[in-house]
Amino acid sequence: MTAAAGQVTGATPDTAGAVQRLLRRNTWTVGLVVLVAALFVFTKLIQPNYGPTGIQGLAISAAALALAAVAQSIVVISGGIDLSIGAMMAFTNVVAAQAMRGQSEETGVIIAIGVLLLGLCIGTINGALIVFTRVADIIVTLAMSFVWAGCALLVLNVPGGQASKWLTDLAHGSVVTEWLPKPALEVLLIVALTWIPLRRSRLGLSLYAIGSDKLAAFRSGVAVGRTKIASYALAGLFSAIAGLAITANTGIGTPLPGGYTLTSVAAVVLGGVALAGGRGGVFGPIVAVIILALIRTDLTFLNINSNLATVTQGVILIGVVMFGSLAAMRRSRT
Amino acid sequence: MTLTATDLVLDATDVSKAYGAVVALRSASLAVRPGEVHALMGANGAGKSTFVKILTGAVRPDAGRIAVRGRELAAHSPGEARGLGLVSVYQEPSVVPDLDIRSNLRLTDTPVERFRHWLDELGHPQLDLSTIARDVPLASLRIVDLARALAIEPKLLLLDEMTAALPADLTERVLDVIGRQRGGDGSVIFISHRMIEIAAICDRATVLREGVTVGVVDVTERSEERIVQLMLGDIEALPERADGHRAAGARAADTRPRLAVKGLGAGTVLEDVSFDVYAGEVLGVVALEGQGQDELFDILAGSIRRSRGEVAVDGAAVSFRHPADAIRAGVVYIAADRAEALLMQRSVRENVSLPGIAGVGRWGPINLGRERRQVSRAVEMLQIDARAGAEVRRLSGGNQQKVTIARWVTDGVHTMLCFDPTRGIDIRTKTQIYVLLRDLAEAGAAILLYTSELKEIQLVCDRAIVIFGGRVVAEIDANDADEPTLLRAAYNLRADAELPEQAVAEAIASETASVGDEPVASGGPSGGGDAPDPTRVEP
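Quick caveat: nothing in here was measured; it's all calculated off a predicted structure.

This part is about the overall build of chain A. Across its full length, chain A carries 14 helices and zero strands. Reading the helices (α) and strands (β) of chain A from amino to carboxyl end gives α-α-α-α-α-α-α-α-α-α-α-α-α-α. Over its C-alpha atoms chain A spans a radius of gyration of 21 Å, differing by no more than 12% from the 20 Å that the globule rule assigns to 334 residues. For chain A, the spread of C-alpha atoms along the three principal axes comes to 65 × 55 × 40 Å. Residue pairs in contact within chain A that sit at least 24 positions apart in sequence constitute 79% of those at least 6 positions apart.

Take the overall build of chain B next. Scanning chain B from N- to C-terminus turns up 19 helices and 20 strands. Classification of the 539 residues of chain B by burial places 49% in the buried group.

On to the environment of Ala149(B). All names here are of chain B. With respect to the helices and strands, alanine 149 occurs in helix α5 (residues 138-151). The exposure class of alanine 149 is buried, given the 23 C-beta atoms found within 10 Å. Separated by 164 residues in the primary sequence, alanine 149 and valine 313 place their C-alpha atoms 48 Å from one another.

All names here are of chain A. With 16 residues, helix α4 (residues 85-100) extends 22 Å from end C-alpha to end C-alpha; this agrees with the ideal 22 Å at 1.5 Å per step. Burial analysis of α4 places 15 of its 16 residues in the buried class, which makes it a mostly covered element. Downstream of α4 by a residue or two, glycine 102 has a phi angle that is positive, lying close to 75 degrees.

Overall, the predicted model of chain A reaches an average pLDDT of 89, with 95% of residues at or above 70. For the stretch residues 1-13 of chain A, pLDDT sits under 50, and the model shows 30 contacts to residues farther than four places along the chain or on other chains.

Residues and elements named next belong to chain A. For the pair helix α12 (residues 260-270) and helix α13 (residues 283-301), interaxial distance at closest approach is 8 Å and the crossing angle is 115 degrees. Here α12 lies roughly perpendicular to α13, going by the angle between them. Where α12 crosses over α13, the handedness of that crossing is right-handed. The residues of α13 that touch α12, namely those facing Thr263, Ala266, Ala267, Val268 and Leu270, are Pro285, Ala288, Val289, Ile291 and Leu292. Here the residues of the contact of α12 with α13 are counted per class, giving nine nonpolar, one polar and no charged.

This part covers unusual backbone geometry. All names here are of chain B. Backbone geometry at glutamate 153 places phi at a positive 55 degrees, although glycine is not the residue there. If you trace the backbone, glutamate 153 turns up in the loop between α5 and β7 (156-160). Residues other than glycine seldom take positive phi values, yet glutamate 210 does so here, at roughly 50 degrees. The residue glutamate 210 is located in the loop between β9 (204-209) and β10 (212-218) in this model.

We now examine the pairing of strand β3 (residues 37-41) of chain B. All names here are of chain B. The buried fraction of β3 is high, at five of five residues. What you see with β3 is no split at all: Val37, Ala39 and Met41 on one side and His38 and Leu40 on the other are buried throughout. The pairing of β3 with β9 spans four bridges and is parallel. From the neighbouring strand, alanine 39 faces β9, where its bridge partner is alanine 205.

This next bit is on the packing of helix α3 (residues 52-77) of chain A against α13(A). Residue and element names in this part refer to chain A. In the contact formed by α3 and α13, the axes pass within 8 Å of each other and the chain directions differ by 140 degrees. With respect to their mutual orientation, α3 and α13 come out oblique. Regarding α3 and α13, the two cross each other, and that crossing is right-handed. Contacts between α3 and α13 pair Leu58, Ser61, Ala62, Leu65, Ala66, Ala69, Val70 and Ser73 from the former with Pro285, Ile286, Ala288, Val289, Ile290, Ala293, Leu294 and Thr297 from the latter. When its residues are assigned to classes, the contact of α3 with α13 shows 13 nonpolar, three polar and no charged.

Residues and elements named next belong to chain B. What the domain assignment lists for chain B is domain 1 (5-235) and domain 2 (259-357 + 367-481). Each of domain 1 and domain 2 was reduced to a C-alpha centroid, and the two centroids are 34 Å apart. At the interface, six residues of domain 1 touch seven residues of domain 2. Classifying every residue of the side of domain 1 that touches domain 2 gives three nonpolar, three polar and no charged.

Before going further, it helps to spend a moment on α13(A). Residue and element names in this part refer to chain A. Compared with the 27 Å implied by 1.5 Å per residue over 19 residues, the 27 Å span of α13 between its first and last C-alpha is a close match. Of all 19 residues that make up α13, 14 are buried, and the element is covered over most of its length. Looking at the residues trailing α13, positive phi occurs at asparagine 303, about 65 degrees.

What follows deals with the nonpolar core. One finds Leu67(A), Val289(A), Leu417(B), Ile447(B), Leu449(B), Ala464(B) and Val466(B) to be the most contacted residues of the largest nonpolar core, which totals 255 residues. Built from parts of two domains, this core gets at least three residues from each of domain 1 (5-235) and domain 2 (259-357 + 367-481) of chain B. With residues near it in sequence (within four places) discarded, Val466(B) still touches Val286(B), Ala287(B), Val472(B), Val473(B), Ala474(B), Ile476(B), Leu486(B), Ala489(B) and Ala490(B).

Let's shift gears to the environment of Ala341(B). Residues and elements named next belong to chain B. Looking at where alanine 341 falls in the secondary structure, it is placed in helix α11 (residues 338-341). Here alanine 341 falls in the buried class, since 20 other C-beta atoms lie within 10 Å of it. Alanine 341 has contacts with Ala335 and Thr404, leaving out every residue within four places of it along the chain.

Residues and elements named next belong to chain A. Its place among the elements puts glycine 281 in the loop between α12 and α13. Note on glycine 281: 21 C-beta atoms within 10 Å, which makes it buried. Taking C-alpha positions, glycine 281 is 8.2 Å from glycine 271, a pair spaced ten residues apart along the chain.

With that out of the way, let us pick up the confidence of the model for chain B. Residues and elements named next belong to chain B. Mean pLDDT over chain B stands at 80; residues scoring 70 or higher make up 84%. Ignoring residues within four places in sequence, the model shows residues 496-505, a span with pLDDT below 50, making nine contacts including any to other chains. Considering only residues more than four positions removed or in separate chains, one finds that residues 511-539, a stretch of pLDDT under 50, has 64 contacts.

Criteria and thresholds
- Residues numbered from 1 in each chain as written.
- Chains lettered and ligands numbered in written order.
- Predicted model: local features only at pLDDT ≥ 70, side-chain atom pairs only at ≥ 80, totals over all residues.
- Helix = DSSP H or I, 4+ residues; strand = E, 2+ residues; numbered from the N terminus.
- Rg over C-alpha atoms; globule rule 2.2 N^0.38 Å.
- Contact = placed C-beta atoms within 7 Å.
- Buried ≥ 20, exposed ≤ 12 C-beta atoms within 10 Å, placed from the backbone.
- Expected span 1.5 Å × (residues − 1).
- pLDDT = per-residue confidence, 0-100.
- Axes fitted to C-alpha atoms, helices over the stretch in contact; angles between N-to-C directions.
- Parallel < 35°, antiparallel > 145°, perpendicular 65-115°, else oblique.
- Left-handed = near helix turned anticlockwise from the far one by under 90°.
- Nonpolar A, V, L, I, M, F, W, Y, C, P; charged D, E, K, R; others polar.
- Pairing = 2+ DSSP bridges.
- Domains from an automatic or database assignment.
- Core = buried A, V, L, I, M, F, W, Y, C linked by C-beta atoms within 7 Å.

What follows is the structure, given as structure tokens:
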């Protein structure tokens, strides 16, 4: 705790110290990774033939949710919340499937890019409404979730459409070894290529700043409104990527938003992002998504009634977060 | 002597601002010359903080013109002010808590080398830039904020009560560094409640009163008197007290105090406050803003916990964990902000009867007949104009305040804490409230009254204590408590204040010793984890 004393830390930062600090700052994420490892071991114990196929299935089912959790994380870090993520995913999912049907592979690529731009746009609309009307984030995004869900039904009122083949290929199979499913690698690549540079940019800094302390950010010269809009625009973009992930996985468009919105909030909380804003990252929530999916798998293996499994999932969520705040409280006291 | 407008670093003329019906600034002007340290002075409510917000671009003025180095402010945003070279440091550091220091520097485009240089000058050469701001002690964070502002090399640096909560050694360093800015390229606007600091480092002082710039004074050894005079204005003739002033000290020596406070402290603001309030007495509390009076009242009302000291009601030690505990012990609280106390969308009747029916263990049906009788008695007693009584928010501010008092008077008042109860209330209602407080005291209540209007002290109180830097610095009998005396005491000036140059630094040190006792490292709320302070935790 010498760093906390402010004035008495060593001036020469060595690598060991840096690693130590990195670990200390990401205790929660490290804890989650340990939990994932334990869950894998547990899964293997109760289901000895759990192997590449199981992991493949896990990656496919978790990919879209992981991207939704990234979208939610960005907004929550900036001090907001987005209840329209599920609806935006459904909307972009059906637009992609409907537009790709019967089109060539090349057109499919252009359509995919168009869908990403669409996500950016609808996210910007969410953010702009919040900033200019000064209505609370939760209300605007709840209302907009109806709007985007309605738009999805306007595009396709029953499941339909057809994804391009290159897109469905992305969701299936594995790379290098059968233990590394394609979707898992892709999600990691997408997030690493967007989030890491973003986090180091001035915009990324501003996102944390407005979520941490709006007044201090304002006084430091951050354009609070513009940054907030940017956070929702990014959420829209990641929702669109998630929507494409569903298209790739199912091969069609489904106009009904699944339970993605609230599960993304759960993943964000479990992933160590403070709902009050300013703290956390996107990797914690991604790990949290894996945990949620693994728990679900294990409960199935254990032959637990699926309704009861949902209850168990909720209880585990509260338990883990409670444990985390207790640990944090103890640490701040000593 | 006459400088053209473009020579001035800052030229603000006839700035005004009203919030609804409340006029915060009428006609404020401020001209800052190159290379000077300029003090902005004004008593509580003079419009100083509104003026600062306008200057820094946080608030848009209704009228008036503000130019920084001849270029007029148009957008009124902090970014614009910063771009023109105006940088501010506040009492609460504008550092983003969840980012490390280096990221905070990046956020404001601060050159790290120069930041290091100023950190050195300010006595913090060892600070690790990768520390999360939340983990840095508050006092050091204030220094970080100042060093960051200096590193930008602003044309105009605005320090808004920056030294108010700094330990003595750091205050000295800051004053030293700021003093050396005189005659340089940049200018400084310096706001402080400590007259002694003004005298030590400022060239000139602009004085605000009731939203108007009433004078600009060259700061010399003898200018203090003139500044106090300007801040006060012409003292109006006071209305006579409703009752004859009872001689203080008439109470028997063996009487037990109704409310006894001993060595009370909380956090870093409230240091050590002791006093007794007796039944039948109104004790006034006088303090400049932010001297710990908010914390004192919050502790006594049960809203926050104390970190040290004792409180006794009728001789029995109490420890309120919740406002309900205080109310049960007979200690009730009247806030300045009516919105804090009232259910604005509900009726006068519900608001008055709320404390009576919301008590713990009273879940049964409400005796409506009894409630109605009680409420009408209270409404009558306080002369509340309840014609618009269906929704409290539609009453005037004065009538709303009467409602917050009315809820406590029906069963007789035991101990009442009034925190600036007449803030923003018209003169007629004010007088009614004064009379009411006197009547309650006559009937045997003990009343603690904090007020930002100094003339209320002589009008209502039997005696007054003055709090400065979280400590009681004076106790004054109401007979002697005229405004100049109180204001002087509130600024912690001796009656015959006259300070030779060399004694200034020494006096600053002793004045701020209240906060200075504490080691710097444990000043922060979450920092300094290696030195747990057992006295901080309530047993």
